[in-house]
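Coordinate inspection notes
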Amino acid sequence: MSLTNVINISGSGMTAQSVRLNTTASNLANAETVSSSIDTTYRARKPVFQVLQDSLINRDFSPVDLETDVGSGVKVAAIVEKDAPLDIRYEPTHPMADENGYVYYPNVNVVEEMADMMSASRSFAVNVEVFNTAKTMLQKTLTMGK
């Protein structure tokens, strides 16, 4: 695998983790929004990552060829809504309550979102380190003949 491939892979990883951080921030910002109907209630969103090369795992257990068997990056294939149930509370005095006295809160789990944020932040930092190391190695390679 060439250093430019490593730089491209780490760049795609940083982009994907940025999307993950943004969706997590959006979920946290909307964690306590209230709605008077199920249809208009915010639902937590999660990015779905996809490897840019299908043969990431060597399925026949033969020796791994680093030129063909390693993924060439990651992309965000979609951003999907979580299917966890909404938080429905009986609060008849709430100004947003429906005709039956229910208020609808998003299906955002703040603890889970904070864990996702820490994980995405660390993954982003690792990709930055890989990017910087590959860049330094490439620069040293260019100055070898001097």
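Remember, predicted model here, so these are calculated numbers, not experimental data. Every residue gets a number counted from 1 within its own chain, in the order that chain's sequence is written. It should be noted that, the model being predicted, local features are given only for residues of pLDDT at least 70 and side-chain atom pairs only at 80 or more, the latter also being counted only at that level, while totals for whole chains, interfaces and linings use all residues. Only hydrogens and water are removed before side-chain values are computed, so all heavy atoms of the structure are retained for them.

1. What about the overall build of the chain?
Numbering of helices and strands runs from the N terminus; a helix is a DSSP stretch of H or I covering at least four residues, while a strand is a stretch of E covering at least two. Along its length, the chain carries two helices and four strands. Counting from the amino terminus, the chain carries its helices and strands in the arrangement α-β-β-β-β-α. With 146 residues in all, the chain has 25% of them scored as buried. Residue pairs in contact within the chain that sit at least 24 positions apart in sequence constitute 68% of those at least 6 positions apart. Accessibility throughout is a Shrake-Rupley quantity obtained with a 1.4 Å probe, and a residue counts as covered only by protein chains that appear here. Of the accessible surface of the chain, which amounts to about 9,400 Å², a share of 58% is contributed by carbon and sulfur atoms. Only protein chains enter the accessibility calculation, which uses a 1.4 Å probe; a residue whose area is less than 20% of its type maximum is buried, one above 50% is exposed, and one in between is partly exposed. Contact definition: two residues touch when any of their heavy atoms are within 4.5 Å.

2. What about the packing of aromatic side chains?
Planes of paired rings set the category: under 30 degrees apart is stacked, over 60 is edge-to-face and the rest tilted, where pairs are Phe, Tyr or Trp rings (Trp by its six-membered ring) whose centres lie within 6.5 Å. As enumerated under the stated definition, the model contains one aromatic pair in all. Where Tyr90 meets Tyr102, the ring centres are 5.4 Å apart and the plane angle is 65°; that geometry is what we call edge-to-face. You can see Tyr90 sitting in strand S3 (residues 87-90) and its partner Tyr102 sitting in strand S4 (residues 102-105), a full 12 residues away along the chain. Overall, Tyr90 belongs to the exposed group, its relative accessible area being 54%. In this structure Tyr102 comes out as partly exposed when scored by relative accessible area, which is 34%. Over a ring means this: the NZ of a Lys or the CZ of an Arg is within 6 Å of the ring centre and within 35 degrees of the ring normal. The residue whose ring lies beneath Arg89 is Tyr105, and the NZ or CZ to ring-centre distance is 3.7 Å.

3. Re the side chain of Thr24
Inspection of the secondary structure puts Thr24 in helix H1 (residues 3-29). Those residues within four positions of Thr24 in sequence are excluded, and the remaining contacts are Glu113, Asp116 and Met117.

4. Things to note about the pattern of salt bridges
A pair is scored as a salt bridge if a Lys or Arg side-chain nitrogen falls within 4 Å of a carboxyl oxygen belonging to Asp or Glu. One pass over the structure, following the stated rule, counts seven salt bridges. Measuring nitrogen to oxygen at the nearest pair gives 2.8 Å for the salt bridge that ties Arg89 to Asp87. Since its relative accessible area comes to 29%, Asp87 is described here as partly exposed.

5. Observations concerning helix H2 (residues 110-142)
One fewer than the residue count of a helix, multiplied by 1.5 Å, yields its expected span. For H2, built from 33 residues, the straight-helix expectation of 48 Å at 1.5 Å per residue is met to within 8% by its first-to-last C-alpha distance of 48 Å. For H2, the complete set of buried residues consists of Glu113, Asp116, Ala120, Asn127 and Ala134.

6. Some points on the environment of Lys75
Counting through the fold element by element, Lys75 comes out in strand S2 (residues 74-81). The spacing of Lys75 and Ala16 is 59 residues in sequence and 6.0 Å in space, taken between C-alpha atoms.

7. Some words on the environment of Arg122
Tracing the chain through its elements places Arg122 in helix H2. With 105 residues separating them in the primary sequence, Arg122 and Gln17 have C-alpha atoms 9.2 Å apart.

8. Looking at the confidence of the model for the chain
Taken as a whole, the chain shows an average pLDDT of 85; of its residues, 84% reach a score of 70 or greater. Mean pLDDT across the elements of the chain bottoms out in H1 (86) and peaks in S4 (96). What pLDDT reports is the predictor's confidence in each residue, on a scale of 0 through 100.

9. Here's the deal with the side chain of Asn127
By the secondary structure assignment, Asn127 is in helix H2. What makes Asn127 buried here is its relative accessible area of 18%. Leave out the neighbours within four places in its chain, and Asn127 touches Ser10, Gly13, Met14 and Gln17.

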